[in-house]
Amino acid sequence: MNFLRRRLSDSSFVANLPNGYMTDLQRPDSSTSSPASPAMERRHPQPLAASFSSPGSSLFSSFSSAMKQTSQAPSGLMEPPGPSAPIVQRPRILLVIDDAHTDWTKYFHGKKVNGEIEIRVEQAEFSELNLAAYVTGGCMVDMQVMRNGTKVVSRSFKPDFILVRQHAYSMALGEDYRSLVIGLQYGGLPAVNSLYSVYNFCSKPWVFSQLIKIFHSLGPEKFPLVEQTFFPNHKPMLTAPHFPMVVKLGHAHAGMGKIRVENQHDYQDITSMVAMAKTYATTEAFIDSKYDIRIQKIGSNYKAYMRTSISGNWKANTGSAMLEQVAMTERYRLWVDSCSEMFGGLDVCAVKAVHGKDGRDYIIEVMDSSMPLIGEHVEEDRQLMADLVVSKMSQLLIPGGTVPSPLRPWAAHTKPAKSPGPAQLGPLLGQPQSRPPTQGGPRQTPTQQPARSGSPSQQRLSPQGQQPLSPPSGSPQPQRSPGSPQLSRASSGSSPNQASKPGAPLTSQPRPPVQGRSASQQGEESKKPAPPHPHLNKSQSLTNSLSTSDTSQRGTPSEDEAKAETIRNLRKSFASLFSD
């Protein structure tokens, strides 16, 4: 045992030993008999096995258990590891910017991000929010909710996603929350619709310029846009080309800021009002409408409505009106799909058009996610918005954090790249692809190759039909093409019996051919037991023998042959260990 302890003091040999091996050697030895000398072991090989069973039984049992675990690992006989404890993820905070008339908490009740992360809904109006955005710290939102002059909620949080259901800017009501939109965008928060599009929708002439681009792209037949004129201030507004006309002042919603002008005198009065408002204005021809058309899109859901005024008001959204849902035509679908592509994409949008008594349609406006919901399917539309938000959160929010992956960027409107299949991974990683030899085909002759440097574990060939063994990650390895000499040696290194049976498993692994030797000499040497490498110490020779036995056991058809092969390799290893 003292001799074994001296041999096992080698650091390279100890590093390759199985778990628990050194603890077995440190146990006190029950027998006091000294081990036999190497000369006596060579003369009497049978008593050698008996000596290992009595004083060094722990040594042999550790090797046997290690070999048994190695043989059971490829066949799946080892017990699987126990289930790990589930990691509880923090709930994702969803900030819904909307008025108090709609309680969005019930629409997100029971919904989870990726089916496992809870969603906490925080709802407030723009007027009840304040924030501070940082480069690395994200965005901290302060919420002060007031109901009937009483403070109901006052807290701070970091939202993970935003649903915008309120206008961020309106000149008619004196509400300008564009600074909050800038702060949320500064914090890098994803939203529906995107904060970039929400900010762009804070000016109706700016949005109308996008409709002009679509009009020039599709043409007046497919995209009938109303004729409109823009004035940055009151000075260019001298005369109007025709009457009646509609003048729209600044940026407003729900029919506010729109005036019908019948003659030149009224037009001059409106011009003075534009000068007092110090804002821009647009003019367009008045269309004697038969009904209004609204086409909305929520995710992949489309609806079309027709609204007819009952009170006789020229604004169909003012006074009494009759609303009914109409069939979704391809013409309407083209309108809303074309508009949904502006400003990087709109997940929720609606197109408003007027059907005149002349039988023609005129597109007058496009709305974003802050559009009012109408019709009998309001609850269904809100549920569709909730499902859309959960879907976007699942796509954009990683369960472990909010940092995007460099390999898969957060592109909401780009299709993910198709992952390469198993057959394509080999050429991408530079691994040679081994092709099975054709049955009955000619064998390849071994080719000459200069000697390679490296450890013997890197020069070992893999069993037939498996991928070549990859070297350690720290050692560089040049890429090889499928026609390299490495593959020709792998295909020609098999024995004649194996060449006649392509599907037969390998029980032993031949060594690579050496330069300058014929194929017949290599075939004879493959039948002989492989001697230890002349430049390696005995601990490395034992390690190589264990690795060879591990590789050979993977190809054995039965467990008994694997155990027998393990015992033979152990005997050869200990014989070479005590040879000197």
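Every value quoted in this text rests on a predicted model; they were computed, and no experiment measured them. (Residues numbered from 1 in each chain as written. Predicted model: local features only at pLDDT ≥ 70, side-chain atom pairs only at ≥ 80, totals over all residues. Heavy atoms only, no water.)

(A) Seen up close, the pattern of salt bridges. One pass over the structure, following the stated rule, counts 18 salt bridges. Note that Lys357 is salt-bridged to Asp288, the shortest N-O span being 3.5 Å. Of this pair, Lys357 sits in the loop between strand E18 (348-356) and strand E19 (361-367) while Asp288 sits in the loop between strand E14 (281-285) and strand E15 (289-298), placing them 69 residues apart in sequence. By relative accessible area, Lys357 is classed as exposed at 60%. On the accessibility criterion, Asp288 (42% relative accessible area) is partly exposed. Notably, a salt bridge pairs Arg382 with Glu379, separated by 3.3 Å at the nearest N-O pair. Linking Arg382 with Glu379, this pair stays in helix H12 (residues 378-396), spanning 3 residues, or about one helical turn. The class of Arg382 is buried, set by a relative accessible area of 19%. A relative accessible area of 41% places Glu379 in the partly exposed class. What emerges from the salt-bridge pattern is a single network uniting Arg120, Glu122 and Arg155. (Salt bridge = Lys/Arg side-chain N within 4 Å of Asp/Glu carboxyl O. Helix = DSSP H or I, 4+ residues; strand = E, 2+ residues; numbered from the N terminus. Buried < 20%, exposed > 50% of the residue type's maximum accessible area, 1.4 Å probe, protein only.)

(B) Highlighting the pairing of E14. Where burial is concerned, most of E14 is hidden: 4 out of the 5 residues are buried. Note that strand E11 (residues 228-231) and E14 share 4 bridges and pair antiparallel. Directly across from Thr229, in E14, lies its bridge partner Thr283. Sheet topology note: the strand E12 (residues 245-249)/E14 ladder contains 5 bridges and is antiparallel. Residue pairing across strands places Leu249 opposite Ala281, the latter belonging to E14. (Pairing = 2+ DSSP bridges.)

(C) Representation of the environment of Pro205. Position of Pro205 among the secondary structure elements: in helix H9 (residues 204-218). In the structure, Pro205 is positioned 45 residues away from Gly250 in sequence and 8.6 Å away in space, judged by C-alpha atoms. Once residues lying within four places of it in the same chain are set aside, the contact partners of Pro205 are Phe230, Tyr280 and Thr282. (Contact = heavy atoms within 4.5 Å.)

(D) Representation of the side chain of Glu365. Relative to the helices and strands, Glu365 is located in strand E19. Within the structure, the side chain of Glu365 is placed 3.1 Å from the side chain of Lys204, a separation counted as a polar contact. Ignoring any residue separated from it by four or fewer positions in sequence, one finds Glu365 in contact with Lys204, Leu211, Ala350, Val351 and Lys352. (Polar contact = N/O pair within 3.5 Å; in protein donor to acceptor, adjacent residues only side chain to side chain.)

(E) Highlighting the environment of Met276. Relative to the helices and strands, Met276 resides in helix H10 (residues 264-277). Considering only alpha carbons, one finds Met276 and His234, 42 residues apart in sequence, at a separation of 9.0 Å.

(F) Structural view of helix H7 (residues 178-186). Those residues of H7 that fall on the buried side of the exposure criterion are Leu180, Val181, Gly183 and Leu184. All buried residues of H7 project into a common sector of 160 degrees when viewed along the axis, lining one side. The outward face of H7, more than 90 degrees from its buried face, is lined by the exposed residues Ser179 and Tyr186. Immediately beyond the C-terminal end of H7, within one or two residues, lies Gly188, with a positive phi of roughly 70 degrees. (Arc of directions from axis to C-beta.)

(G) Broad picture of the sheet that holds strand E5 (residues 138-147). Within the open sheet, the 3 strands sit side by side as E4-E5-E6. Their pairing is antiparallel. The sheet terminates laterally at strand E4 (129-134) and strand E6 (150-157), the two strands that pair on one side only. Going across the sheet, the axis of each strand differs from the next one's by a mean of 10 degrees, ignoring polarity. Each of E4 and E5 is contacted by H7, which is oriented at about 35 degrees to E4, the strand it contacts most. (Axes fitted to C-alpha atoms, helices over the stretch in contact; angles between N-to-C directions.)

(H) Spatial organisation of the nonpolar core. By size, the foremost hydrophobic cluster in this structure holds 29 residues, and its most contacted members are Leu211, Phe223, Cys339, Met342 and Val366. Of all elements in the fold, only H9, E15, strand E16 (301-309), helix H11 (330-339), E18 and E19 reach the threshold of two or more residues within this core. Apart from residues no more than four positions distant in its own chain, Met342 is found in contact with Phe201, Val207, Gln210, Leu211, Ile214 and Val366. Counting residues in hydrophobic clusters, the runner-up holds 26 residues, among them Val96, Tyr107, Ile298 and Met367. (Core = buried A, V, L, I, M, F, W, Y, C linked by side-chain atoms within 4.5 Å.)

(I) Up close: H12. Between its first and last C-alpha atoms H12 spans 27 Å; for 19 residues at 1.5 Å apiece the expected length is 27 Å, and the two agree. Turning to H12, its buried residues are Val378, Asp381, Arg382, Met385, Ala386, Leu388, Val389, Val390, Lys392, Met393 and Leu396. (Expected span 1.5 Å × (residues − 1).)

(J) Expanded view of the packing of H9 against H11. It is at 10 Å that the axes of H9 and H11 come closest, and there the two elements cross at 130 degrees. On the basis of their axis angle, the class for H9 and H11 is oblique. As H9 runs across H11, the sense of the crossing is right-handed. On H11, the residues touching Leu211, Ile214 and Leu218 of H9 are Leu334, Ser338 and Cys339. Of the residues assigned to the contact of H9 with H11, the class counts are 5 nonpolar, 1 polar and no charged. (Parallel < 35°, antiparallel > 145°, perpendicular 65-115°, else oblique. Left-handed = near helix turned anticlockwise from the far one by under 90°. Nonpolar A, V, L, I, M, F, W, Y, C, P; charged D, E, K, R; others polar.)

(K) Broad picture of the sheet that holds E11. Pairing in this open sheet of 4 strands is antiparallel, and the strands run E11-E14-E12-E13 from one edge to the other. This sheet does not close on itself; its edge strands, each paired only once, are E11 and strand E13 (258-261). Sheet twist, expressed as the average angle between the axes of neighbouring strands with direction ignored, equals 20 degrees.

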